[in-house]
Each structure stands twice: as C-alpha cells, then as structure tokens.
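Per-entry structural report
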Amino acid sequence: MAIDYKSAGVDVEAGYEAVKLMKQYVKKTYNDNVLGDLGSFGGFYALGDGDDADCLVAGTDGVGTKLKYAFVLDKHDTIGIDAVAMCVNDIVCQGAKPLIFLDYIALDKLVPEKVATIVKGVSQGCFESGCALIGGETAEMPGFYSKGEYDIAGFAVGIVKKNKIINGKTIKKGDKLIGLASSGVHSNGYSLVRKLFGEDKEALNTYNATLGCTPAEVVLTPTKLYVKTVLNIIEKFEIKGIAHITGGGFIENIPRIIPKGLGVKIDRTSYALPKLFVALQEIAGISDEKMYNTFNMGIGMVMAVSPEIQDDVVRELEKLGEKAYVIGEVVEGSGVTI
C-alpha cells in the first residue's frame, strides 16, 4: 500500500483551511504600514510612504519533525542551521536582506552543552546569511516534552526598498523558471520521511543501495542557505519572482509567485532527480504528483526570469557556486503541470 503525506499524519488541506479561517483575525491587526496579505513568503511593514521607503520583511518558522532524527542520532550541531534557513530563505524571496534573527528553544531539561551545540548551529546559519543573532529564549518545560527532546523555532527580519520588492507581479507567459539545487529534503516532508526510513538507529545506519549510503548520512543534512546567492543575483539581473520550495513542494509554492491566469509547466528532464528522492518514492510507492506536492525534489529555490536572460542568470548562479537549471516556463492556465 502506498504511503503518502496524509497517511503519515499531515493533512495539508486542513492547513489551507486553517489559514483561511485565521485571516479574519489577522487582518483586524493591520494598519496602513502593512503591505500584502497572508500567502507571501514574508510579512511586509513599510517604514515610510514613498516608493523608495524602507520596508521590513519578517518571517518565522521551525524545523518540524526533522528534529526526531536529531534525537535518535544524538546529533544537534546542524539543526540550528535549518531553523535559520527556513526563515531567511523566505524573506530573501522578496528581495530583502536579512538583518536580525532570534531563536526559541524549548526542552524538558536544560542541558547547557546541548543547548550550546544547538545555538552553535543557529550562529553558523546567521553568519552565513549575514544577519545578527541578537537574542532568543530558552524555555525549560519539565513534563511537557519527552526526555531528551526539544523544539526550536526562529524569527528573522530583513529590509528592502519598497520599489525593490520582488513579488512576481511582472511575471508573464513565456518567462522561464530557474531552479537552484537543494542540499536534500531540507526541513519539510519529514513526517513522511520518518514513515519511510523509520526511526530505529540501527536501521538508519544500514546501507541503502538506491541511496548509495545510509539514511543516517542524509536525513540531517542542513537546509541550504540561499541568501548570499540571491542578494548577489538580484543586483545584476531583473529577477521577477522567487519561490522557496518548502512544505507543499512545487505544487503549492511556485504558484505563490505567479499572477492569476497563468500557470507553470515543469520539464522533469531538465535535471537529474537526486537519489534520495528516488529512494523515497520507491519505498512510498506514491505518484509523481504527490512527491512534487510533498518534497522539494532536489530544487530548493525557483526564480522567474525573462527568457532573454535565462542563460546569463544560470551562468552567474554557477559562478556563485550553485547548481542551476532551467526547469520550466510560465504558461497560460493555472497551477503546476509536472
């Protein structure tokens, strides 16, 4: 029997409904400085009225059930990078430069060495993103978390000029989609990953022929940080829209930057699917569509550009150390065709 995200315990439809229901309460708090709406990759707050006014862009996120593998494998030095990446990768999609980051760590019992190791990862993620770790909260909550377990979340704020905001509004039919390679599963889809690879330490350290390594070697690979790459590329080229491929995969995230009346067509032959996703699909026995609606499928960030500059952008991305591919184009219609 196929094992998909819903059978693993995650109901994405319920998530959509929750957002729909909460909007009425969120909007009650808005004032004239708030720009945009829920559904963007970051929240906007203008600091002035002019087109060249500064805007703060904020994002918050956690690491999700990827944490279970940190507990099982007793490895805590990279999970903080994930917490940072999930926030700063979102706000840089809007063209914003991350300025500050705060973390929140809650655990059953405060073990100083463990917390320091977690924060070391947070610090590394902030350093690589060019933002300052200016504070946070560590909450000891005995009896609330299982022994040895914890949760971590983060909050980032960046800045961008109002007239430099990247929001996808100028995207049109024929524009090309450039995909930047991911470092692995990143930090989404782990409720399903855990069903497929399991949580037994011995099994995780057993060689998997399709993977070409053990699951333990890949399940804690930290989320790739795209901040410096994006900030470099938007200085040189007109990037019309940027999508961070997180929960919901291609199917949910790419349409967030595409104007109404348009869709996208993905060319799956444009890049080699990483072995990790081949192995996950073999075990799960689920359709391509469900895979692309759950995982990043080897692409962590997608940029929309005019066809005239696609090759130049790819070359520049490669100079910056990224693996980049033209993975599709904008077409009439709606949604994502895989």
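Everything in this summary refers to the structure shown in the same document. (Residues numbered from 1 in each chain as written. Predicted model: local features only at pLDDT ≥ 70, side-chain atom pairs only at ≥ 80, totals over all residues. Heavy atoms only, no water.)

So, the pairing of strand β8 (residues 241-244)
For clarity, the threshold we go by: Think of it in three bands: with a 1.4 Å probe and only protein chains considered, a residue is buried below 20% of the maximum accessible area for its type, exposed above 50%, and partly exposed in between. A run of DSSP states H or I qualifies as a helix once it reaches four residues; a run of E qualifies as a strand once it reaches two. Both are numbered from the N-terminal end. Strands are labelled as partners when DSSP assigns at least two bridges between them.
Residues G241 and A243 line one face of β8 and the alternating positions I242 and H244 line the opposite face, and both faces are buried. As defined by bridge partners, β8 adjoins strand β10 (residues 299-305) across 4 bridges and the pair is classed as antiparallel. Its bridge partner being in β10, G241 is matched across the sheet by A304.

Side note on the pairing of strand β2 (residues 43-46)
A one-sided burial pattern is seen for β2, the buried positions being F44 and A46 and the unburied ones G43 and Y45. Relative to β2, strand β1 (residues 34-35) runs antiparallel, the two sharing 2 bridges. By the bridge assignment, L35 is partnered in β2 with F44. Here β2 pairs with strand β3 (residues 54-62) via 4 bridges, running antiparallel. Its bridge partner lying in β3, Y45 is registered against L56.

Side note on the nonpolar core
Definition in use: We call a set of buried residues a nonpolar core when its members are Ala, Val, Leu, Ile, Met, Phe, Trp, Tyr or Cys and they connect through side-chain atoms within 4.5 Å of each other. Between two residues, a contact is recorded if the distance between any of their heavy atoms is within 4.5 Å.
By size, the foremost hydrophobic cluster in this structure holds 95 residues, and its most contacted members are F250, I254 and L280. For this core, the element with the highest residue contribution is helix α3 (residues 79-92), accounting for 9 residues. When residues no more than four places from it in sequence are discounted, the contact partners of F250 are I245, P255, I266, Y271, Y292, F295, N296, M297, I299, I327, V336 and I338.

Notes on the sheet that holds strand β12 (residues 336-337)
The cut-off we apply is this: Here the axes come from fitting lines to C-alpha atoms, over the contacting stretch only for helices, and the angles between their N-to-C directions go from 0 to 180 degrees.
Overall, mixed pairing links the 6 strands, which are arranged β8-β10-β7-β11-β9-β12 in an open sheet. Strands with a single pairing partner mark the edges of an open sheet, and in this sheet they are β8 and β12. Summarising the sheet, strand β7 (residues 176-181) and β10 pair through 6 bridges and their orientation is antiparallel. The residue of β10 that forms the bridge with L180 is M301. Contacting β8 and β10, α3 runs over the sheet at an angle of about 165° to β8.

Let's talk about unusual backbone geometry
For D74, which is not glycine, the phi dihedral falls at a positive 50°. The residue D74 is located in the loop between α2 (67-73) and α3 in this model. Backbone geometry places H186, a non-glycine residue, at a positive phi of 65°.

Overview of the side chain of T294
To keep things clear, this is the line we draw: Two N or O atoms form a polar contact when they lie within 3.5 Å of each other; inside protein one atom must be a possible hydrogen donor and the other a possible acceptor, and for residues adjacent in sequence the pair counts only when both atoms belong to side chains.
Within the secondary structure, T294 sits in the loop between α10 (288-292) and β10. Of note is the side chain of T294, whose polar atom sits 2.8 Å from the backbone oxygen of K290.

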